[in-house]
Structure formats: C-alpha cells, structure tokens
Amino acid sequence: MTRITIGHLYPEHLNIYADRGNIAALERRCAWRGIGFEAIAIGPGDVLPDADLYYLGGGQDRDQLLIADDIARHAEPLRAAVDDGAGVLAVCGGYQLLGHYYRGHQGDEMRGIGLVDLVTEAGSRRMIGNIMLDCRLDGAAPQRLVGFENHAGRTFLGEGVQPLGQVVHGHGNNGEDGAEGVQQGSVIGTYVHGPLLPKNPWLSDWLIGRALERQGQDQQLTPLDDGLELEAQRVAAAIAAR
Amino acid sequence: MLFEAKVGLARVTAVTSRTTGRGGGTTLPGRLLLRLQADALQRLGERLPKGAAVVSATNGKTTTAKMAASILSPPLRLCRNAAGANLASGVASAMLRGEDADLGLFEVDEAALPAVAEALAPRALVLGNLFRDQLDRYGELELIAAGWRGLAAALGPATTLVSNADDPLVASIGRDRERHTWFGLDDPAAALPEMQHASDSKWCVRCGARYAYTAVYLGHLGDWRCPSCGDGRPRPSVTAREIQIDGLDAVGFRLCTPAGDVAVRLPLPGVYNVYNALAAAALALELGAGLEQVRAGLERFSAAFGRFERIDLGSGEAVLLLVKNPAGGNEVIRTLAVDEAPKRMLIALNDRIADGRDVSWIWDVDFERLAPQIGSVICCGTRAAEMAMRLKYAGVALDRIEVRTDMDEALDRLAAAAGSSYLLATYTAMLDLRGRLEQRGLVLPFWQEAA
C-alpha cells in the first residue's frame, strides 16, 4: 500500500493553536483514500527521521525558547531532505523558525534554521483576527485560504521569495505589504491557523499530492465529499470579510 | 458629586436595565459608577462588614463561588456576582445591589483579577487553575500567570491565598506568602492513565525540565515534581480521598481538612467538580465555617446556570453544559463517558468575543473520545459547520450529524424526538440557548436563576 510519512517536530512544545488538527486533516484524508499514513514525533535530542513532509507548529514563547537550540541541529538535515523532495509545513511560531532570525524588542535575536530567506521582527501590536488569502500555488488553480492569525512578529520575505498568498482580509506577514506566508517549492510557512488544513482541504491535498510524488506515485487523488469543509470555509470567509 | 450621589445614580440604571429586560443590570450600573469614580471598588468593598472573598480560575469560577455561597449562606448574608459578570463592572454592580450584605463573594475573570483583587484587598483569594483559554483574548498562559504573580506580591499580609497545589503554574504563585492554604486531590486510584493531549504547563516553571507525575488527575493537574531542580507540589492541607463516581448524578469523596475528615456526596458529577468543591471548602473554612457546615453546604448544592443544569424540554430532560476551552471540554467528555449509551446531543459553537473569535481550540478537545457515544448530534451557532467538520474528523459518521446554524431551529429539531439529551455550548451560545428556552417558558432568566 502507498504510504506517506510525516515528521512532526516538537509536538509537545509546539502545539498552541490546535496544530494536531492539521495532522488529523492529513491523516483522515489519506485514510479515506486508502493511503497509508504515519506521523513520527520528533522531540529534543532526536535524530531527524526520513519523511515526506515535516510539520512545525507554533508554541508559547516560553516553550519555543526551550527548543530553539535543539532545532538548530536539524537545519542541515532538513535542507538536505527538502533538496531530496520532502515538503515542510510550518505554522505561526514554526513559520518564524524557518527564517534567519526573530528579533525581539530589545534587539535580542533568536536564530531560526534559515531554510527560507525571511526574517521576523517583534512588532508593537499583535495582529489578531480572521484572515482570508488568495493563493496561487505552483501547479494549482487559484484558491481561497481562510483561518485565524494571532502574532506580534512582523515577517519580511527576502528579494524574490514568493508568499503563500495575497491578503484579502486580515494582516498577513507584517500588516504592510499585503503578502502572507511563504512558498518555496514544497516548503510552506504561514501565520494562518484555525487550524489551517481542515477548512482548506485543497491545501491538504496539495501537500498529500507532493508527498505521493516524492514516493514516485504520480496519481490523481480520489475526490472526497468536502461539503462540511467547504461550508466551514464559506462561513469563515464571510466572517473574515466583516 | 459626592460618592453617595454617584452610587444612587448608578443604582437607578440597574432598575432601568431590569425593567427593559436585558442583562438584569449585572454590568451597567458598575460600569457607570467606575466611570464616575475610579476607586469605587475599593470604597464599596470597605463597606462590607466582613470584607470580601474572591475566586479566580480558568475553569470553575462560577461553580466554585456558588458552592462557597451554598456553604456560607446562611448564616452569612452575601453579595455576589452570581450571573457571571466577572469584570470590575460586574463586581461593582453586585456591591451596588447588595447593600445589606455581610460578605462579598465574587468570581473574577483571570485577566481582570490583579486590578480587582488589589482594589478589594480580599480576606481570601482562591487561585483555582490555569489552562489555555481564548488565546486571542487572554494571550498566552504565561501572561496571566505573570499578572497573578504581580498580584501575589502586591497584596497585603492580611489576604490568605487559597491555591490549587496540583497545578504547577498556580503553585509557582505567591509560594513565599505566609498565609497560604493549599488544596489538592489525594487519591491515586482516581488518576488518569496518561496526560491528555492539550495539557499545558508540562515544563518546569523554574528550570524548564519536564515535570514528573505520580498521579495526573485532570489536564496538567496532579501530584507533580520536577526531577531536575527538585521543585514539587506544596503539601495540600485540604484534600479529597476515596473519590467515588456515581454515574452522572453525583460524586462522593472523603474531605480531609485540618478541622477533621468528613464524607461528602456532591450532587454534581466529575472530577473537576471535586476540585471546585475542594476550593470552596478550603475557602469557607478559611472564612470561619465549620466542617459540618461545609459538608451540608456542598450536599445541598444545585448546579449553576449552564453548568450541568437540568432542563425539562417537555420531550425529555436536557442537560446544559458549558464548554469553553480544551481542558473544560475534555472534563465534560470524560464525565459523560461514565454513561456509555449512545446520546442525543446538541453542540452550539459561537465565535463572539466572549467565546474567543478563534475557534481552533475545538481541535484540542478530545471529541474523538465522545464520537463513539454520539447517537445523533445537531450542530448550531455561528460556527455550526466548523463544529460539524470537527466531529467528522473525530470519526462521527456524517449521517449522524445535522447542521442547523439557527438555535431555535436546532432546539425544535431536538425537541421533535422524545428522550433525554445533552447540550454542549460555548459561553454566548449557552446564554443564547437559555434565552430561547426562557422564551419557551422552560427556564428562568439567568440573572434570576443565579440570584
């Protein structure tokens, strides 16, 4: 049986905004199609296992500091895995960790893994609220992406780096340039939680598709009954528009 | 204007609010008075002959305060914010109403606690628990804890803290204070087999190492210690042993206190309510109640509105349960699991400000555990479809799920079939549902119910 593997980084530290909902969305949508699914928890001190997709959630500031040193060990292995076709999904705090650094109010810097050319600086006000994006991912039709954002960090992408989408309603990366998140091949970072994947089934399927491709399975995914998912998305979009 | 005149003016708005029928005057009079007189809380508090007692926690504030009231009154005359208006304005409104009270007994919102408790300088302050809750409104848990630490340092020596020893984050607050009563469970047989997914505060507040538990009772509450720095649970002086779950009707336990031990039968289910009872008992003992008075008060307790409130729908009994964050939701699910029979349910999810606009928390509630018990479920509220989708991913078959955003329609559908049912609702959804049930003549308005 075809089977995809998710490497879940620090699930016990980085889980503040219901990150397990993202894992559940991937797991269920594979199961409903008869695709095998395995999630491997990666804790402090663990060696990075081989996986088709790595997941990095968000944590409370305090919990995030506890793993900040440990994650530096994975910078090189993760880069190698991505070069080998693995995907990365990083949400909220995890998104910030993808970049070069997070600079606090006092100029103190928490290093990221530098997988993507982006930096984050502490802002003066939190950006909180429902958010909606217009996304045009490689090889996918234009899509609406909905969720909730809650972050004080203002993220800036490097020259030529593509965002995940354009903000239709909400704040996005920094509240200024209209961009939200990042997409670099199969690496995706975003502030959108809610959680991200259940209400945006197209993104779940895009990630599953990429994971299957890495397995050499270039198949069309069986369509699922997404009635509830799309209704939840429609409601979230209407609320974001208020 | 003299303070007395301002008080009189504020009282007039209470009458107006009640006669117009919205809200019962639980917030507006106090808000007006605080605008006219910034130190009104302190001034009103000073008029209470026996002072004030304050209860705060993420979960269980309303129930704990009502339990303490059931113990203390009579003989004491209390003034309380029983309808859940638990910001400074609600506490001030309660004092405006309770002119002839001996003692003020108030539940206070976690974020509002530092300012309110400093103004009131209560005789006793219950710190019940801290769980992740409405992150868009409260921010991270550590932020609330920092506020409470500041409060513990600012309060004078006359205030006794009454704290949950089983919560390591709460136990890190005011540890050095002299007058500090600790309560906790002492019954390893009632422990959970493992920590729940959404557990908070897993890492030592002092050194960051993972806490070790000899028993986990609820979320991250238990008999904890840090193997790295040696910090550990303060020894509780008020404890519960020999916990006996009696279906969904009651829970029995042995209440052990410095004043002696007594068997208690609490007419409310759930381990979380044992914690609420312990907090209420420890508070009442601190305020001078006797052990027999504590037992009798707990045994005659009836549920607070929307907290395991039993309502006759005509077609059958409905139990209304407030669910507002992962820890509370998990405890409700754990309690309902005592009865394994398939249940008819209604789940009402709103995303208004008082609920938290961010509904992602429902993914941290273990609905997977509830799924096998769901015979049928109607999802309603502003995020009805989101709730239905959550249940789908928890393993509930689609043909058992019905989406009815409108609450009246949802209640009609529920009442159309005979039999008992369970209604889980977020805060404003619970008030909405009660409002509809009130119009149908099935419940009293919440501010009357609470009085």
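None of the values given here were measured: they were computed from a predicted structure.

I tried to follow the packing of helix α10 (residues 271-286) of chain B against helix α11 (residues 291-299) of chain B on my own but got confused; where do I start?
The angle between the axes and the distance between the axes are what describe a pair of packed helices. All names here are of chain B. For the pair α10 and α11, the least separation of the axes is 10 Å and the interaxial angle reads 145°. As for the relative orientation of α10 and α11, their crossing is right-handed in sense. Residue-level contacts link Ala277, Ala281, Ala284 and Leu285 of α10 to Leu291, Val294 and Leu298 of α11.

Could you clarify how one ought to interpret the sheet that holds strand β2 (residues 36-42) of chain A in this entry?
The strands that make up a sheet are held in pairs by hydrogen bonds between backbone atoms, and each pair lies either parallel or antiparallel. Residue and element names in this part refer to chain A. One open sheet accounts for six strands, arranged β2-β1-β3-β4-β12-β11; its pairing is mixed. Every other strand in the sheet has two partners, leaving β2 and β11 (182-184) as the edge strands with one partner each. Along the sheet, successive strands turn relative to each other by an average axial angle of 15°, direction set aside. As judged from the four bridges shared by strand β3 (residues 53-56) and strand β4 (residues 87-91), these two strands associate in the parallel manner. Directly across from Tyr55, in β4, lies its bridge partner Leu89. Sheet contacts for helix α5 (residues 201-214): β1 (3-9), β3, β4, β11 and β12 (187-190); angle to β1, the most-contacted strand, approximately 110°.

What exactly am I supposed to notice about the pattern of salt bridges here?
Pairs may arise between side chains of opposite charge once their charged atoms sit close together. One pass over the full model with this rule turns up 53 salt bridges over all chains. Across the salt bridge formed by Glu109 of chain A and Arg111 of chain A, the nearest N and O atoms sit 3.3 Å from each other. Here Glu109 of chain A falls in the partly exposed class, since its relative accessible area comes to 37%. One network of salt bridges, in which partners are shared, links Arg29, Arg33, Asp205, Asp226 and Glu229 of chain A together with Lys392 of chain B.

Whenever I open this one, helix α12 (residues 326-336) of chain B confuses me. Can you help?
Two residues of an α-helix separated by three or four positions point the same way, owing to the 3.6 residues in each turn. Burial analysis of α12 of chain B places 11 of its 11 residues in the buried class, which makes it a mostly covered element. Among the residues of α12 of chain B, Pro326, Ala327, Gly328, Gly329, Asn330, Glu331, Val332, Ile333, Arg334, Thr335 and Leu336 of chain B are the ones counted as buried.

Help me understand helix α6 (residues 113-120) of chain B, please; the structure alone is not making it clear to me.
Residues and elements named next belong to chain B. Along α6, the residues classified as buried are Leu113, Pro114, Val116, Ala117 and Leu120. For α6, the secondary structure elements touched by its buried residues are α3 (40-46), β1 (52-56), α5 (88-97), β3 (103-107), β4 (124-127) and α8 (141-154). Ala121 occupies a position one or two residues after α6 and carries a positive phi of about 45°.

Explain the domain arrangement of chain B to me, please; I cannot follow it from the model alone.
A common way to report how large an interface is uses the accessible area buried once the components associate. Residue and element names in this part refer to chain B. The assigned domain composition of chain B is domain 1 (39-299) and domain 2 (307-449). Domain 1 puts 29 residues into the contact, and the matching count from domain 2 is 29 residues. Interface of domain 1 and domain 2: buried area, both sides summed, is about 2400 Å²; carbon and sulfur atoms make up 52% of it. Broken down residue by residue, the surface that domain 1 buries against domain 2 is led by Asp136, Leu248 and Tyr272, which jointly contribute 25%. If you look at where domain 1 meets domain 2, you find two salt bridges. Residue Arg310 pairs with Asp249 through a salt bridge whose shortest N-O separation is 3.5 Å. Here domain 1 and domain 2 share eight residue pairs in polar contact (both at pLDDT 80 or more) between them. Of the residues forming the side of domain 1 that touches domain 2, the biggest block, three residues, is contributed by helix α4 (residues 61-72).

Rules behind the numbers
Residues numbered from 1 in each chain as written. Chains lettered and ligands numbered in written order. Predicted model: local features only at pLDDT ≥ 70, side-chain atom pairs only at ≥ 80, totals over all residues. Heavy atoms only, no water. Axes fitted to C-alpha atoms, helices over the stretch in contact; angles between N-to-C directions. Helix = DSSP H or I, 4+ residues; strand = E, 2+ residues; numbered from the N terminus. Left-handed = near helix turned anticlockwise from the far one by under 90°. Contact = heavy atoms within 4.5 Å. Pairing = 2+ DSSP bridges. Salt bridge = Lys/Arg side-chain N within 4 Å of Asp/Glu carboxyl O. Buried < 20%, exposed > 50% of the residue type's maximum accessible area, 1.4 Å probe, protein only. Domains from an automatic or database assignment. Buried area = accessible area lost by both parts, 1.4 Å probe. Polar contact = N/O pair within 3.5 Å; in protein donor to acceptor, adjacent residues only side chain to side chain.

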